Amino acid sequence: MPATVIVGLQWGDKGKGKATDFLSEQVHWVVRYQGGVRENIERGLGLHASSRVLVALVDEGGMSREDAYGIVQQAAIQAADERHPLREVLASDPRVSERLTRASLDAGFGDAAFLVHVSTIMERLDVIDPGIAR
């Protein structure tokens, strides 16, 4: 099966997005590899994990949702303002360290939660187009 590959290291997200839009009208499948995902996540200071930490404070730490929300929100604002990783801001907060172990806190920032459904997604892709998920 023929393939068209576009490599645009200096195009930025908008340039690659425009190329993807253009190609999507001409081909059956468009696959875009976002190589900078890890860098983007790190640049975000871990703020994407705030909801998982909130849930851990409620479920594991026994806090009320309102109290956990207040702590996580305050830490997220501090992390963004000071450009410090949210994980470190939360780890230094005694209200968090009294309720969560460092391992539990770290688990909230782990990638495993994002990969839970990969096998299901791959199976569904294979139903749509046998062999595509290999």
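Before any of the text, the structure's been laid out above.
Remember, it's a predicted structure, so these values are computed and weren't measured experimentally.

Analysis parameters
Residues numbered from 1 in each chain as written. Predicted model: local features only at pLDDT ≥ 70, side-chain atom pairs only at ≥ 80, totals over all residues. Heavy atoms only, no water. Helix = DSSP H or I, 4+ residues; strand = E, 2+ residues; numbered from the N terminus. Buried < 20%, exposed > 50% of the residue type's maximum accessible area, 1.4 Å probe, protein only. Contact = heavy atoms within 4.5 Å. Areas by Shrake-Rupley, 256 points an atom, 1.4 Å probe, with all protein chains shown as cover. Axes fitted to C-alpha atoms, helices over the stretch in contact; angles between N-to-C directions. Parallel < 35°, antiparallel > 145°, perpendicular 65-115°, else oblique. Left-handed = near helix turned anticlockwise from the far one by under 90°. Patch = residues over 30% accessible without salt bridge, like charges linked within 9 Å, V, L, I, M, F, W, Y side chains within 5 Å. Salt bridge = Lys/Arg side-chain N within 4 Å of Asp/Glu carboxyl O. Core = buried A, V, L, I, M, F, W, Y, C linked by side-chain atoms within 4.5 Å.

K.L.:
Quick question: what am I supposed to make of the overall build of the protein chain here?
P.N.:
Across its full length, the protein chain carries nine helices and zero strands. Mapped in sequence order, the helices and strands of the protein chain form the string α-α-α-α-α-α-α-α-α. Here the protein chain, with 134 residues, has 22% of them falling under the buried criterion. Across the protein chain, every contact between residues at least 6 apart in sequence was considered, and the portion connecting residues at least 24 apart equals 43%. As presented, the protein chain carries roughly 9,800 Å² of accessible surface, and 56% of it is formed by carbon and sulfur atoms.

K.L.:
Before we go on, may I ask you to explain the packing of helix α3 (residues 50-59) against helix α4 (residues 65-82) in this structure?
P.N.:
A pair of packed helices can be characterised by two numbers: the angle between their axes and the separation between those axes. At their nearest, the axes of α3 and α4 sit 9 Å apart, and the two run at 140° to each other. By the angle between their directions, the pair α3 and α4 is classed as oblique. The interaxial crossing formed by α3 with α4 has right-handed handedness. The segment α3 lies against α4, with Ser 50, Val 53, Leu 54, Leu 57 and Val 58 engaging Arg 65, Ala 68, Tyr 69 and Val 72.

K.L.:
Got a minute to help me understand a nonpolar patch on the surface in this structure?
P.N.:
Taken together, the side chains of Phe 114, Leu 115, Val 118, Ile 121 and Met 122 make up a nonpolar region of the molecular surface, amounting to roughly 450 Å² of accessible area. Elements supplying a minimum of two residues to the nonpolar patch: α8 (112-115) and α9 (118-128). No other element matches the three residues that α9 contributes to the nonpolar patch. Tracing the backbone shows Ile 121 in helix α9.

K.L.:
It is not clear to me how the nonpolar core should be interpreted in this structure. Could you clarify?
P.N.:
The nonpolar side chains of a soluble globular protein tend to be buried with one another. Core analysis: the largest hydrophobic core is formed by 19 residues, its most contacted members being Val 53, Leu 57, Leu 86, Leu 90, Val 96, Leu 105 and Phe 109. The dominant element in this core, judged by the number of residues it contributes, is α4, at six residues.

K.L.:
Where do I start with the environment of Ser 50 in this structure?
P.N.:
One can find Ser 50 in helix α3. Linking Ser 50 and Tyr 69, residues 19 residues apart in sequence, is a C-alpha distance of 9.1 Å.

K.L.:
In this structure, what is going on with the pattern of salt bridges? I would like to understand it.
P.N.:
Per the counting criterion, the structure on display carries four salt bridges. The salt bridge involving Asp 106 is made with Arg 87; its shortest N-O contact spans 3.3 Å. Placement of Asp 106 in helix α7 (residues 102-108) and of Arg 87 in helix α5 (residues 86-91) is noted, with a sequence separation of 19 residues between them. Residue classification places Asp 106 among the partly exposed positions, given a relative accessible area of 26%. Notably, a salt bridge pairs Asp 93 with Arg 95, separated by 2.7 Å at the nearest N-O pair. If you follow the salt bridges from partner to partner, you end up with Arg 87, Glu 88, Arg 102 and Asp 106 in one network.

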